[in-house]
Every structure is written in C-alpha cells, then in structure tokens.
Amino acid sequence: MSARTHSPAGAEARETKGWLSAHRYLLLRRASQLFFLALFLSGPWFGLWITQGTLAGSLTLNILPLTDPFVAAQSLVAGHWPELTALIGAGIVLAAYALLGGRSYCAWVCPINPVTDGAFWLHKRLGLPKGWQPRRGTRLWLLGAALVVSGLTGTIAWEAVNPVTMLHRGLIFGMGFVWALVLLIFVFDLVVARRGWCGHLCPVGAFYGLVGTKSVLRVSAPARAACDDCMDCYHVCPENQVISPALKGKPGTSPLVLSPDCTNCGRCIDVCAMDVFKFTLGSTTP
Amino acid sequence: MPMLDTLRSASRRRFLTDTARAAGGCVLAGSALAYLARDARALPADAIRPPGALDEDAFLSACIRCGLCMRGCPYDTLKLAELGIDGAATGTPYFTARDVPCEMCEDIPCVAACPTGALDASLEDIDDAQMGVAVLVDQENCLNFLGLRCDVCYRVCPVIDEAITLKASHNSRSGHHATFAPTVHAEHCTGCGKCEHSCVLPEAAIKVLPVRLARAETADHYRRGWEEKDARGAPLVEGVIDLPDRLPGPGTDNLVAPGGFEPAFRLDGAGQ
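Residues numbered from 1 in each chain as written. Chains lettered and ligands numbered in written order. Predicted model: local features only at pLDDT ≥ 70, side-chain atom pairs only at ≥ 80, totals over all residues. Heavy atoms only, no water.

A closer look at the overall build of chain A
For step 1, the next point in the chain: Helix and strand content of chain A: 14 helices and 5 strands.
For step 2, the next point in the chain: At 19 Å, chain A has a C-alpha radius of gyration in line with the 19 Å of a compact globule built from 286 residues.
For step 3, the next point in the chain: Counting only C-alpha atoms and orienting by the principal axes, one finds that chain A spans roughly 55 × 40 × 40 Å.
For step 4, the next point in the chain: In chain A, buried positions account for 52% of the 286 residues.
For step 5, the next point in the chain: Taking contacts inside chain A between residues at least 6 apart in sequence as the whole, the part at least 24 apart equals 74%. (Helix = DSSP H or I, 4+ residues; strand = E, 2+ residues; numbered from the N terminus. Rg over C-alpha atoms; globule rule 2.2 N^0.38 Å. Buried < 20%, exposed > 50% of the residue type's maximum accessible area, 1.4 Å probe, protein only. Contact = heavy atoms within 4.5 Å.)

Here we look at a negative patch on the surface
For step 1, the next point in the chain: Judged by side-chain charge, E106, D107, E124, D125, D127, D128, D161 and E162 of chain B come together as a negatively charged surface patch.
For step 2, the next point in the chain: You can see E106 of chain B is positioned in the loop between β2 (93–94) and α4 (109–113). (Patch = residues over 30% accessible without salt bridge, like charges linked within 9 Å, V, L, I, M, F, W, Y side chains within 5 Å. Areas by Shrake-Rupley, 256 points an atom, 1.4 Å probe, with all protein chains shown as cover. Salt bridge = Lys/Arg side-chain N within 4 Å of Asp/Glu carboxyl O. Lys, Arg positive; Asp, Glu negative; His and termini not counted. Charge placed at Lys NZ, Arg CZ, Asp CG, Glu CD.)

Quick notes on the interface of chain A and chain B
For step 1, the next point in the chain: With 43 residues of chain A in contact, the opposing surface of chain B contributes 39 residues.
For step 2, the next point in the chain: Here chain A packs against chain B, burying approximately 3,200 Å² in sum over the two surfaces, 68% of which is carbon and sulfur.
For step 3, the next point in the chain: Taken together, the links from chain A to chain B amount to 1 salt bridge.
For step 4, the next point in the chain: With a shortest N-O distance of 3.1 Å, D18 of chain B and R135 of chain A are connected by a salt bridge.
For step 5, the next point in the chain: One can count 11 residue pairs in polar contact (both at pLDDT 80 or more) joining chain A with chain B.
For step 6, the next point in the chain: When the residues that make up the side of chain A that touches chain B are grouped by side-chain class, the tally is 25 nonpolar, 14 polar and 4 charged. (Buried area = accessible area lost by both parts, 1.4 Å probe. Polar contact = N/O pair within 3.5 Å; in protein donor to acceptor, adjacent residues only side chain to side chain. Nonpolar A, V, L, I, M, F, W, Y, C, P; charged D, E, K, R; others polar.)

As structure tokens, then:
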C-alpha cells in the first residue's frame, strides 16, 4: 500500500479513540441489521414468533402492522385501494422514517446494505477504479419510472425485481434464484460502479430519502472548526456529496447534514479522530 | 456579457442532454420493468391462489408479497413463489393441490391475515370460495369411468354430494353393471383440490384448474327455452301446436304409423 498518500481511512481515529470507539456505529449498525432479521427469523427457525411477514408487510406480536409505503404507493397507483391494516402500517412506517431520517432504513435495516458495503470494502481493497458513476438523481428517475410502470401495467411493478424485499423474503421463506440477483448487485458495485446500486440507482432508497427530507435525527458537524482535512469521512461516506455543505459551510451556515441522501449510518462519526461529527435531534438547531 | 451567455447556453445544453439521457434511460429501464411485471402475470395452471384471492390482474395490483397468508395457514398449504423456480409472480402465494390441498378452515385464517385485501375479506363462508374448479380431465383412465368403485375423489370432497356427485349409468362394457361417473358441479366446487390430491392414479385424473380454463361461458343472448317456459308458466309463443314425436319401434305413440316400424339396420350395442 505504498501508493497510498495517507494511512487507510479511520486509522487515526483508531489510534486516538481506540478500535471500539472507531467502529461504534458500524458495529451498532450491523447489530441493528441482524436484529431486524432476527425478528423475522426467530419464528420460522426457532418457533419464537415475534414478527411475521417480510419488509414489504409484517405483523409484530400479533398487534403492530407495518407496510412498506413504497410498495403501498405502487399498489395505489396500480389501482388497488388497500385494506385499512395496510394503510395504517404504511402510515406508521412513514411517520417513523420521517422522524428518524428516511434513509436510516438503508443503513440500519435493509438487507442489501451489507452486500453493497461488502462490495465497497473489496472494491477499496483491490484499489479498483470507481467506474460508471451515473448521476445521484438517477434513482429519482427510476422511482418515477417504477410508479409509472405500476400504473400502466396494473401491477406492483418494482416488486418484480426489487432485490431488497426479494433477499429478505428469500432468507425467510426460501431463496430460489434470488442469490443470483444479489450476486449481480455485488458484482455491479464491485467492478461496474462504485457505490452504484444504493448510492445511485435504488428507487427504494430514493423513496425513503424523500420521506426523510424533514427528518429530526441528523448527523451534524458542530466541531467543524476542529476539522484537520484528513478526508477520512469522505472516504467512508456512502453518499459523500452530503458532507461538504455541513463540514465546509461558511461561518453562520448550519453544521447539520441537510441532504436527504444521508443514510444516518454514522460512519463519519466513527472515523473522525477530531470528533467533529455527532448525531443531533432537531432539524433546525445545530 | 457574451461570456456569460456562452456559459448559460453551455449549462442549458448540459441540462438538456442530461435530462434527455435520464429520460431515455428511464424509458429503457421502464420498458424492461414493464416486460418483467407483465410476464409475471402468466400464472401456471396448477398454481392455485388462496381462497378469496382477487382476479389475477387485480391480485397483482394488491398483493404486496408479505407472506402473512402463508404464516396464517395452519396446514402449510400455501407457498410463496420463488424466483426462477416457481412460475407464479415471485413472492406471491399459491398452492399445488396435488401436493397439499386447501383444508378449507372455517375461520379462513389466510384471508384474515391479509393486510391489503388481495385476499378479499368479504369472503366469510369458505364454502363460497372459488380458488378454481375441479375438472375430471381424463375419463379414459379414471377408475370409476372404467366401471370400478374407486369413488375416492367423491368421498374426500368437503362439499360431497353437492360439488361432486356420482352419476350412475349403464356399463355398456360388461353389459350388466353400473358406471358411477364422478361429476363436478362448478357452482358448489371451491377448488380446494382434495379430489386431485387424493386421486389414486400416479397422475391425477381429476384436477383443479383456474376458473378461466375450467369453465365455458354461454353467450349473453342465449336462452334455454325450457327454463324460459317454466319461468313464464306458459309457452313462449302462443298457438304453437305440439306435434306428436315420431319414435321407432312398436308400442310407441307413433301416430303416423301405428304399430311402429322396425329400423332398417341395427346399431351395435344398442338395445341389448
């Protein structure tokens, strides 16, 4: 690794804060992803029924209905008015992510995230070029296309290919050839486009991004004056276009990460040796 | 100013090409998606939807593929279609009657579990379900049609004597036995598939088919004269003379040639 101009991202933070602190949110995030999977798997695996169903629609403890609002939206566009249960479920999910940051779903819940994170890790290890980088807004176009196609075909169109629900359902109910689809995304992110799927194309992420536009929970850079320009946060951030306005904003501008693209993964907090970032509540106060 | 204009037109050009590119990509991706989504509509004939399922087209706009109906099913009848393995749209629920038929639970837990109404909650009596219609597809191999008393499909039918009856007729092969033909009455058949599941043949002679395949449809203008006559309680056309029927053989009401006539030739097997 002599070609590197500086030590790997996060090395400094590891030295100053210790390994555990420098991986705090990464570990919490993996734990959260496992936790949400375990909720669904404890029933079929161990007979301990906590949550039934999948991420598209579920019932927790026989009382709490949850529905993926993007799936519900496509169903509405396709011409079906769902029963109240599904509508309530979608409302609860919408409210939760409107407060917690829509794309928290991507970082803390979505089962595809470990796949694309793994692809990114290997991509960095192999020092591959970043490849095809479609505009970040492409996912919004795809989101629109999925809704239009749902309306035209009268089906919940994105569910015909959605790797998020397919992988989740596959793990719980039976995989079929979903592994091939997941492998496709891994390879795509590895050799075709760095951070390609989650960062540029996935309309589910785009939808949740829109949901979280006015989120209360946000990453902030209150100690941005202490930034020593090591660039580690930019290296680890899956949506690093969101950092600059908060970190490098002129005095008087908000240190909050205001872009709905931010996944609230907290990795920037982990890798910053100067402790510039932290999670904050309140969308206006720093 | 000219420089500003150049900049402005350059950015405008960039905006236009970017937009055109994105729109083109969307049309391409959207077409592929539409192809996949429509392709998913082709439900195989042996894949039966759960009770209360909306028509296939409406079902695909309503089912979010959550699997809660499958969790509700106490007999593990329902499966979720797996990508690239099962023919039904990926993740949608179905069952294969020959493997595990529907047990027709009275409380219909699968319908109760459905959060979206893809399984219609207005189905309150499981006997009103129409998951499909049983059809005796192969009379040549059905044991009952061969003159044996298998009767298994008839005996296992949860709506016995309504959905399936045994229709007795003369066994013309042996000449002195009866044939009991299992006969499905579609208006009572729920399509549960117990008959298909239980058929003793290596490949079932009776199969549950989707309604669209199993049923004919009479033309709207078609009227059955005898039903109309019963409904009216009188002949539909006044003044029609009911002519006597001409029947062969002696001792009939053949008024034109009293005493009847002998047919000029004999049909094999007739009148043994």
